[in-house]
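Each chain is listed here by its residues.
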Amino acid sequence: MIFGMGPLELGLIVLVVLIIFGPKNLPKIGAALGKTVKNVREGMEDGKEELSEGPVESHDDVEVVEDEDDADAPETPATDAVFCSKCGAKNAADAEFCSKCGNKLN
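Quick caveat: nothing in here was measured; it's all calculated off a predicted structure.

## With respect to the overall build of the protein chain
No. 1: Secondary structure assignment for the protein chain yields three helices and two strands.
No. 2: The secondary structure elements of the protein chain, listed N-terminal to C-terminal, are α-α-α-β-β.
No. 3: Taken across its 106 residues, the protein chain has 7% of its residues classed as buried.
No. 4: Long-range pairs, those at least 24 residues apart, make up 0% of the contacts in the protein chain between residues at least 6 apart in sequence.
No. 5: Roughly 10,000 Å² of accessible area belongs to the protein chain as shown, and the carbon and sulfur atoms make up 58% of that amount.

## Digging into a nonpolar patch on the surface
No. 1: A grouping of Leu-12, Leu-15, Val-16, Leu-18, Ile-19, Ile-20, Phe-21, Leu-26 and Ile-29 is seen on the molecular surface, where their side chains present a nonpolar patch of about 800 Å² in accessible area.
No. 2: Only helix H1 (7-21) and helix H2 (26-53) provide two or more residues apiece to the nonpolar patch.
No. 3: No other element matches H1, which puts seven residues into the nonpolar patch.
No. 4: If you trace the backbone, Leu-12 turns up in helix H1.
No. 5: According to the relative accessible area criterion, Leu-12 is exposed, its value standing at 53%.

## Concerning the side chain of Asn-91
No. 1: Within the secondary structure layout, Asn-91 lies in strand S2 (residues 90-92).
No. 2: Within polar-contact distance, the side chain of Asn-91 engages the backbone nitrogen of Ser-99 at 2.9 Å.
No. 3: Among residues more than four places away in sequence, those in contact with Asn-91 are Asp-80, Ala-81, Val-82, Cys-84, Phe-97, Cys-98, Ser-99 and Leu-105.

## Some points on the confidence of the model for the protein chain
In low-pLDDT segments, the atomic positions of the prediction should not be examined closely.
No. 1: Residue-level pLDDT values for the protein chain average 79, and 69% of them are 70 or greater.
No. 2: Put simply, helix H3 (residues 68-71) is where the protein chain has its lowest mean pLDDT, 54, and H1 is where it has its highest, 90.

Scoring rules and cut-offs
- Residues numbered from 1 in each chain as written.
- Predicted model: local features only at pLDDT ≥ 70, side-chain atom pairs only at ≥ 80, totals over all residues.
- Heavy atoms only, no water.
- Helix = DSSP H or I, 4+ residues; strand = E, 2+ residues; numbered from the N terminus.
- Buried < 20%, exposed > 50% of the residue type's maximum accessible area, 1.4 Å probe, protein only.
- Contact = heavy atoms within 4.5 Å.
- Areas by Shrake-Rupley, 256 points an atom, 1.4 Å probe, with all protein chains shown as cover.
- Patch = residues over 30% accessible without salt bridge, like charges linked within 9 Å, V, L, I, M, F, W, Y side chains within 5 Å.
- Salt bridge = Lys/Arg side-chain N within 4 Å of Asp/Glu carboxyl O.
- Polar contact = N/O pair within 3.5 Å; in protein donor to acceptor, adjacent residues only side chain to side chain.
- pLDDT = per-residue confidence, 0-100.

Now the structure itself:
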């Protein structure tokens, strides 16, 4: 007995489903039902895995180590570039003329 139903009740349900949906659509319905059951089972397993993992630990006590190359770098960005007032091109700080347009830099 499945779900407390005997063979007569199950046969009657199958007959009603066959009449309503027809024999051509039964494989499609079966496949869709199988995929749905599979997705529900996977979803239930994922929920159990999330619960079993426990709470996420905080990493506030982790010390951040800076690279050695960054220790030598200045705190503020260096202004070793001069921009041309005419064309806006970036030039070296000691340049007297713009490398793009030739305008005299101030």
